[in-house]
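Structure assessment
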Amino acid sequence: MTDAYFEQNRLNWDDRAEIHIRDEAGGYRIEAFLAGEDNLHDIEHDEIGNVSGLRIAHLQCHIGIDTLCLARRGASCVGLDFSPKAIAAARMLAAKTGLDVPFVEGNVYDARQLIEGDFDMVYVTWGAIGWLPDIGRWARVVASLLKPGGRLYLLEGHPSFMQIDETAEDLRIGFDWKNPPDEPLTMNEETTYTGDTAKIVHAVTHEWLHPISEVVNAVIDAGLSIERLNEHERLAWQFAPWMAPVEGRRRMWAIPEGLPKMPVAYSIRARKT
Ligand SMILES: C[S@@+](CC[C@H](N)C(=O)[O-])C[C@H]1O[C@@H](n2cnc3c(N)ncnc32)[C@H](O)[C@@H]1O
């Protein structure tokens, strides 16, 4: 059954990649990126430190903009994603920017077989692991890609915040805090998160909520030491219509004044010992 979930998700991401690379709503800021602007948000910019000279594997890289931004910062990068349309877009952007960054098409669970070499950093951010049914298996793939002493940087939507029903008018829990691999959250959303109005043809997706304890324990079980676990009040996308924009290096979204505050994102730095 997992393969069927992956296949439906991949078709959905192909549709989104086509919409995102056209960037009619400007959510991916492709024009500015091509003109040389960096696209990382405040949180990852502040947390990753100097990446110059590092070998970085960017898993679930989508259309490759963040991968290319890391390369512009002097890292030697490879990006992987299972959407052929996303990978084609990433290769096109690499060609336009003249950056020598390989982009590999494949499932993240096959990354060790598909990508050669060991890495100083595995980089996974903003909307990635919720597409994966088995976090233990993901963590073992991450560990297998790292050199001894290499680190995982993970930055994700907070699973407690992701339990909110985004169609409700305020903070209201709509989903269980976790769901097993064979019971994904099946969604049907006709448009994407960038504000583009283009319709997604393959609208059905399957997602999994992974509690922070599950992620942390999977990373530890895979042989990594947790060095940092942070929670954040800003998210990279407008999860619900009531979220308020926060200006910074790049626009982010927060719970507006008047509603109780809670963390909306979290990040982990973990090192292979
Ligand atoms: C929200 S995007 C991640 C955005 C990313 N942080 C970036 O740099 O733009 C999620 C990506 O995960 C990819 N994806 C989902 N499931 C996957 C899987 N099983 N294997 C590889 N890629 C997957 C999708 O194709 C999509 O490009």
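Everything discussed here concerns the structure shown above.
These remarks concern the structure in this document. Since we're looking at a predicted model, the values are computed, not measured.

Relative placement of two packed helices is described by the angle separating their axes and the distance separating the axes. Viewed as axis vectors pointing N to C, helix H4 (residues 65–72) and helix H5 (residues 84–97) meet at an angle of 30°, and their least axial separation amounts to 9 Å. With respect to H5, the axis of H4 lies roughly parallel. Two packed elements cross with a definite hand, and for H4 against H5 that hand is right-handed. Facing Ile 65, Thr 67 and Leu 68 of H4, the residues of H5 in contact are Ala 90, Leu 93, Ala 94 and Thr 97. When grouped by side-chain class, the residues that make up the contact of H4 with H5 number five nonpolar, two polar and no charged.

What sets the pattern is the α-helix's 3.6 residues per turn: residues three or four places apart point alike. Every buried residue belonging to helix H8 (residues 212–221) is among Val 215, Ala 218 and Val 219, and all of these are buried. All buried residues of H8 lie within an arc of 100° about the axis, which places them on one face of the element. Those residues of H8 that are buried lie in contact with helix H7 (135–145), strand E5 (146–157), strand E8 (224–232) and strand E11 (265–272). Immediately beyond the C-terminal end of H8, within one or two residues, lies Gly 223, with a positive phi of roughly 100°.

All right, on to the environment of Leu 54 then. Within the element layout of this structure, Leu 54 appears in the loop between helix H3 (42–48) and strand E1 (55–59). Take Leu 54: there are 20 C-beta atoms within 10 Å of it, and that puts it in the buried class. In this structure, the C-alpha to C-alpha distance between Leu 54 and Tyr 153, residues 99 residues apart in sequence, is 13 Å. Not counting the four nearest positions on each side in its chain, Leu 54 is found in contact with Ala 75, Asp 120 and Met 121.

Moving on, we get to the packing of helix H1 (residues 2–22) against H5. Where H1 meets H5, the closest approach of the two axes is 7 Å, and the angle between their N-to-C directions is 30°. On the basis of their axis angle, the class for H1 and H5 is roughly parallel. For the pair formed by H1 and H5, the contact residues are Trp 13, Asp 14, Ala 17, Glu 18 and Ile 21 on the first element and Pro 84, Lys 85, Ala 86 and Ala 89 on the second.

Let us now look at the pairing of strand E4 (residues 119–125). Among the seven residues of E4, six are classified as buried, and the element is accordingly described as predominantly covered. One ladder, built from three bridges, connects E1 with E4; its direction is parallel. Following the sheet pairing, Ala 57 is matched in E4 by Val 122. One ladder, built from six bridges, connects E4 with E5; its direction is parallel. Directly across from Val 124, in E5, lies its bridge partner Leu 154. In this region the chain leaves E4, passes through H7 and returns to the parallel neighbour E5; the handedness of that crossover is right-handed.

Next up on the list: the environment of Glu 116. Of note, Glu 116 is situated in the loop between helix H6 (111–114) and E4. In this structure, the C-alpha to C-alpha distance between Glu 116 and Thr 167, residues 51 residues apart in sequence, is 43 Å.

Moving on, we come to the site of the ligand. Near the ligand, the surroundings consist of 19 residues, among which Trp 13, Gln 60, His 62, Gly 127 and Trp 131 are the closest. Broken down by element, the residue count for the shell around the ligand peaks at three residues, all from H1. Tallied by class, residues from the shell around the ligand come to ten nonpolar, seven polar and two charged.

What follows is about unusual backbone geometry. Positive phi, close to 55°, is recorded for Asp 23, a residue that is not glycine. Within the secondary structure, Asp 23 sits in the loop between H1 and helix H2 (30–34). The backbone of His 62 sits at a positive phi, close to 55°, despite the residue not being glycine. You can see His 62 is positioned in the loop between E1 and H4.

Cut-offs and rules
- Residues numbered from 1 in each chain as written.
- Predicted model: local features only at pLDDT ≥ 70, side-chain atom pairs only at ≥ 80, totals over all residues.
- Axes fitted to C-alpha atoms, helices over the stretch in contact; angles between N-to-C directions.
- Helix = DSSP H or I, 4+ residues; strand = E, 2+ residues; numbered from the N terminus.
- Parallel < 35°, antiparallel > 145°, perpendicular 65-115°, else oblique.
- Left-handed = near helix turned anticlockwise from the far one by under 90°.
- Contact = placed C-beta atoms within 7 Å.
- Nonpolar A, V, L, I, M, F, W, Y, C, P; charged D, E, K, R; others polar.
- Buried ≥ 20, exposed ≤ 12 C-beta atoms within 10 Å, placed from the backbone.
- Arc of directions from axis to C-beta.
- Pairing = 2+ DSSP bridges.
- Right-handed = clockwise from strand over helix to strand, strands pointing away.
- Near = placed C-beta within 6 Å.

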